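Examining the three-dimensional arrangement
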Amino acid sequence: MSPAKSPAKSPAKSAARPAKASTQSAKTTKAASKTAAKAAAKRAPSPAATKSKYTAKDITVLKGLQPVRERPGMYIGSTGPSGLHHLVYEVVDNSVDEAMAGEADRIDVTILADGSCRVSDNGRGIPVDPHPENKRKSAAEIIMTTLHAGGKFGGEGYKISGGLHGVGVSVVNALSSHLELEINRDGARWVQFYAKGGVPQGPLKRTGPSKKRGTTVTFRPDPTIFEETEFRSQTLLERLQEMAFLNKNLEIRFRDERTTPVHEQVFKFAGGIVDFVRHLNAAKEPLFKRVIDFTETTKDSEVEIAMQWNTGYYEGIHSFANNIATTEGGMHEEGFKKSLTNVLNRYAKGKGLVKDKDENLQGEDIREGLTAIVTVKLRNPQFEGQTKAKLGNTEMRSLVEKATNDKLAEWLEMHPSEGKAIIAKSLQASRARVAARQARDLTRRKSLLESSAMPGKLADCTSKDPSESELFIVEGDSAGGSAKRARDPRTQAILPIRGKILNVERARLDRMLKNEEIQTLIQAIGTGIGEDFDGSKVRYHKIILMADADVDGAHIRTLLLTFFHRQLADLARYGCIYIAQPPLFRADIGKERTYLKDEAALRKFESEHKTSKIEVNRFKGLGEMDWQELGETTMNKATRSLLRISVEDAAIADGVFSRLMGDDVEQRKAFIQENAKDVRFIDA
Ligand code: 0RA
């Protein structure tokens, strides 16, 4: 079915599941895997060492949280960048729960100069009274040191609780080297400190009176658990912005105190998901100005839908349940799609825009160019599916279906010119679909005729086992030539591409299939694209983009990533897409040669080798390296380092891609400027 299992296993380490939170690159390097092994060793202290450090009481705490330290992946997905950022989301989710309960309207997230993270809210504050079952401890301490103790306190507690992430703030405590808890409640301020692994350093203490209310958690991720502990502000910002979109009027402030000047950003959206839709369509051309928006509430659940079509060709329906991205869809999304198709067909025929005798419009025709947010909040969310990102509650299907049936039909009645534009666009899409099918049949037949023949430009590997096979997509013929000489011909295939490939963000399928470069890629990869995609046919479990480290190279990489994101999304989801990291510098000291990946690495090298006898060479492009150098630094499995692309949250990725690749030049410029310092992540 999908290549999910084997390729996910092959890299040095792999996330247990593509976590839900954000878009970012995970680094897979030899060094990283060594670090992970070292971390694993450190994670299991010898009993003797433990005994000398902790009292009996602390050992109980350690035992309680120990499962988290033994298997962090089970709780936060991975110990890579994705898991690291999850810690922040976990704490923020608790604060957002307070906001959802109507008890807080502001959350502050600060990365302190020392690299730790502080999350503060103005909610009720975690309860401080002695716990009814264990009178020696405060409820707060129990919450911080017991697994799954999150929302069970305070009777009614949370009305609606952030399901999936809800592993509890104790998980963050378990995976921190230091955590400080401050609670302002009932006119007093309380604090408690925890050492490595969540061990309390004394009880929760009242420090004095306070007029404030709320909870502040400051934590430092444990460097013996995580491969790296540096938060990436862009990743956090994207998720925090999404949270603010999903919770109308909630003010989320972000501060990064590691930089001078301090970087600050405030998110607060009076329009909620209407603003989210406008944001997603910002770099596109909307079909009409209005955003359609409706809600439906029952005793203990609510649904809100906002949507707007653009003149583009992609469907962007993003659904959420209790603020969690349900990337695998589920009942709410099903109900929405079904009703959308029915309502628009009924409308089109009722208004004579489609003749009674004509075929109905298909769902996919109607959804072309549609950007929609479907968000539900409910009491007992059931998360299912491979990545636990699919909503299983059937009652949500009927609720969303009913809301869409009634309210969308009503909206269309009141907005006839918009209604007409939607139907006209759907009819166009349906004609294009027929044309694309013909083009696709043609390519299919062609590849059948040529049987297993691969494109002439491809220097294929001899192995036919996808799990050990790699495809290098190389910019330019000359670098392609070097790569061919440097490769391991048994497992490494080379596909040189010349110039810029087609920007698929702005092309319909029929045009795409006529493009030679795209055809070659599709043939080489073997899975087919779009709705034809079949992961079991993938010919390589690693597809590695190798382009120059300059602006042109970045552009080509981005075009390729756009193609993968839009047409082969599952490959990225399963972690098959990588970016090669050719070094930018070569430093020679006498006969000793070192390759350095970027300016930062060069500066570090220079500071560690205080001789004025370093000869530094900067590579302008792949073409400047000879084939031995290219092999050693960039391709050889034993010495290279690769960036793995992971798309965790499609809504965020969509926003990024349409800003980067869409029609609006100003948006693109702004994006590139904002991310210029983080150029290695520009494509992620
Ligand atoms: C348990 C019960 C109540 C609130 C909270 C936990 C709570 C937890 C966190 C974590 C971060 N911020 C938070 N704010 C509140 C309800 C307390 C009550 O009924 O007064």
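Residues numbered from 1 in each chain as written. Predicted model: local features only at pLDDT ≥ 70, side-chain atom pairs only at ≥ 80, totals over all residues. Heavy atoms only, no water.

**Concerning the overall build of the chain**
Of the regular secondary structure elements, the chain holds 23 helices and 25 strands. Every one of the 684 residues in the chain was classed for burial, and the buried ones make up 56%. Pairs at least 24 apart in sequence give 71% of the contacts found in the chain among residues at least 6 apart. Carbon and sulfur atoms make up 50% of the accessible area of the chain, which amounts to about 30300 Å² in all. (Helix = DSSP H or I, 4+ residues; strand = E, 2+ residues; numbered from the N terminus. Buried < 20%, exposed > 50% of the residue type's maximum accessible area, 1.4 Å probe, protein only. Contact = heavy atoms within 4.5 Å. Areas by Shrake-Rupley, 256 points an atom, 1.4 Å probe, with all protein chains shown as cover.)

**A short note on the environment of isoleucine 142**
On the secondary structure map, isoleucine 142 appears in helix H7 (residues 139-145). In this structure, the C-alpha to C-alpha distance between isoleucine 142 and histidine 131, residues eleven residues apart in sequence, is 7.6 Å.

**So, the nonpolar core**
Counting residues in hydrophobic clusters, the biggest one holds 65 residues, and the most contacted among them are Val109, Leu181, Phe219 and Phe276. Of all the elements, helix H6 (residues 81-100) adds the most residues to this core, at nine residues. If sequence neighbours within four positions are ignored, phenylalanine 276 has contacts with Glu242, Phe245, Leu246, Phe320, Ile373 and Ala651. Grouped together as the second largest cluster of nonpolar side chains are 44 residues, Ile497, Leu545, Leu559 and Leu561 included. (Core = buried A, V, L, I, M, F, W, Y, C linked by side-chain atoms within 4.5 Å.)

**With respect to the packing of aromatic side chains**
How two aromatic rings sit relative to each other is given by the distance of their centres and the angle of their planes. Following the criterion strictly, the structure yields eight aromatic pairs and no others. The interplanar angle of 25° and the centroid separation of 6.4 Å between the aromatic rings of phenylalanine 267 and phenylalanine 269 together place this pair among those described as stacked. On the basis of relative accessible area, phenylalanine 267 is assigned to the buried category, the value being 6%. Considering the side-chain rings of phenylalanine 276 and phenylalanine 320, the 6.2 Å spacing of their centres and the 40° angle between planes classify their relative orientation as tilted. Note that phenylalanine 276 is positioned in helix H10 (residues 273-280) and phenylalanine 320 in strand S13 (residues 316-321), a separation of 44 residues in sequence. Accessibility classification places phenylalanine 276 together with phenylalanine 320 in one group, the buried group. (Phe/Tyr/Trp six-rings, centres within 6.5 Å; stacked < 30°, edge-to-face > 60°.)

**Quick look at the side chain of threonine 341**
Among the structural elements, threonine 341 can be located in helix H11 (residues 331-350). Not counting residues within four places of it along the chain, the set of residues in contact with threonine 341 comprises Leu361, Gly363, Ile366 and Arg367.

**So, the sheet that holds strand S24 (residues 614-618)**
Sheets are built from strands that pair by backbone hydrogen bonding, the pairs being arranged parallel or antiparallel. Taken together, three strands build an open sheet; the order of strands is S23-S22-S24 and the sheet is antiparallel. Each of the sheet's edge strands pairs with one partner strand only, and the pair in question is strand S23 (592-596) and S24. On average, each strand axis in the sheet is tilted by 20° relative to the strand beside it, whichever way the strands run. Bridge analysis of strand S22 (residues 585-589) against S23 gives five bridges, and the strand direction is antiparallel. Residue pairing for S23: alanine 587 is matched across the bridge by threonine 594. Running at roughly 175° to S24, helix H20 (residues 599-608) makes contact with S22, S23 and S24 of the sheet. (Pairing = 2+ DSSP bridges. Axes fitted to C-alpha atoms, helices over the stretch in contact; angles between N-to-C directions.)

**Examining the confidence of the model for the chain**
For the chain, the average pLDDT comes to 84, and 83% of its residues sit at 70 or higher. A low-confidence stretch, residues 1-54 (pLDDT under 50), is modelled with 124 contacts involving residues beyond four sequence positions or located in other chains. Low confidence marks residues 149-165, where pLDDT is under 50. Its contacts with residues over four positions away, or in another chain, come to 40 contacts. (pLDDT = per-residue confidence, 0-100.)

**Structural notes on the pairing of S13**
Looking down a regular strand, the side chains alternate between one sheet face and the other. With six of its six residues buried, S13 lies for the most part within the structure. Of the pairings in the sheet, the one linking S13 to strand S15 (residues 370-378) comprises six bridges and is parallel in character. Bridging from a neighbouring strand, isoleucine 317 pairs with alanine 372 of S15. Strand direction decides the pairing type here: S13 and strand S14 (residues 324-325), joined by two bridges, are antiparallel. Looking at the pairing, alanine 321 lines up with isoleucine 324 of S14. Two successive antiparallel strands, S13 and S14, enclose a turn made up of two residues, where asparagine 322 displays a positive phi of approximately 50°.

**Focus on the side chain of arginine 566**
Within the fold, arginine 566 resides in helix H18 (residues 551-567). For arginine 566, the side chain forms a polar contact with the side chain of glutamate 505, separated by 2.9 Å. If we ignore the near neighbours within four places in the chain, the residues touching arginine 566 are Lys284, Tyr314, Val504, Glu505, Asp654 and Phe657. (Polar contact = N/O pair within 3.5 Å; in protein donor to acceptor, adjacent residues only side chain to side chain.)

**Side note on the environment of glycine 316**
Within the element layout of this structure, glycine 316 appears in strand S13. Overall, the relative accessible area of 6% leaves glycine 316 in the buried class. Residues glycine 316 and threonine 371, spaced 55 residues apart in sequence, show a C-alpha to C-alpha distance of 4.6 Å. Dropping the residues within four chain positions of it, glycine 316 is found in contact with Leu370, Thr371, Ala372 and Asp654.

**Some details on the pairing of strand S11 (residues 292-298)**
One ladder, built from seven bridges, connects S11 with strand S12 (residues 301-309); its direction is antiparallel. Each bridged residue has a counterpart across the sheet, and for threonine 295 the counterpart in S12 is glutamate 304. Hairpin connection from S11 to S12: two residues lie between these consecutive antiparallel strands.

**As for the sheet that holds S12**
Read from one edge of the open sheet, five strands run S11-S12-S15-S13-S14, paired in mixed fashion. At either end of the open sheet lies a strand with only one pairing partner, and these are S11 and S14.

**What about H20?**
Among the residues making up H20, those that are buried are Ala601, Leu602 and Phe605. All buried residues of H20 project into a common sector of 100° when viewed along the axis, lining one side. Facing away from the buried side of H20, by more than 90 degrees, are the exposed residues Arg603 and Lys604. (Arc of directions from axis to C-beta.)

**Considerations on the packing of helix H9 (residues 233-246) against H10**
Helix packing for two helices is described by the angle between their axes and how far apart those axes are. The interhelical angle for the contact between H9 and H10, taken along N-to-C directions, is 135°, at an axis separation of 7 Å. Between H9 and H10, the angle is such that the two are oblique. Counted together, Gln241, Glu242, Phe245 and Leu246 of H9 and Ile273, Asp275, Phe276 and His279 of H10 form the full contact between these two elements. Of the residues assigned to the contact of H9 with H10, the class counts are four nonpolar, two polar and two charged. (Parallel < 35°, antiparallel > 145°, perpendicular 65-115°, else oblique. Nonpolar A, V, L, I, M, F, W, Y, C, P; charged D, E, K, R; others polar.)

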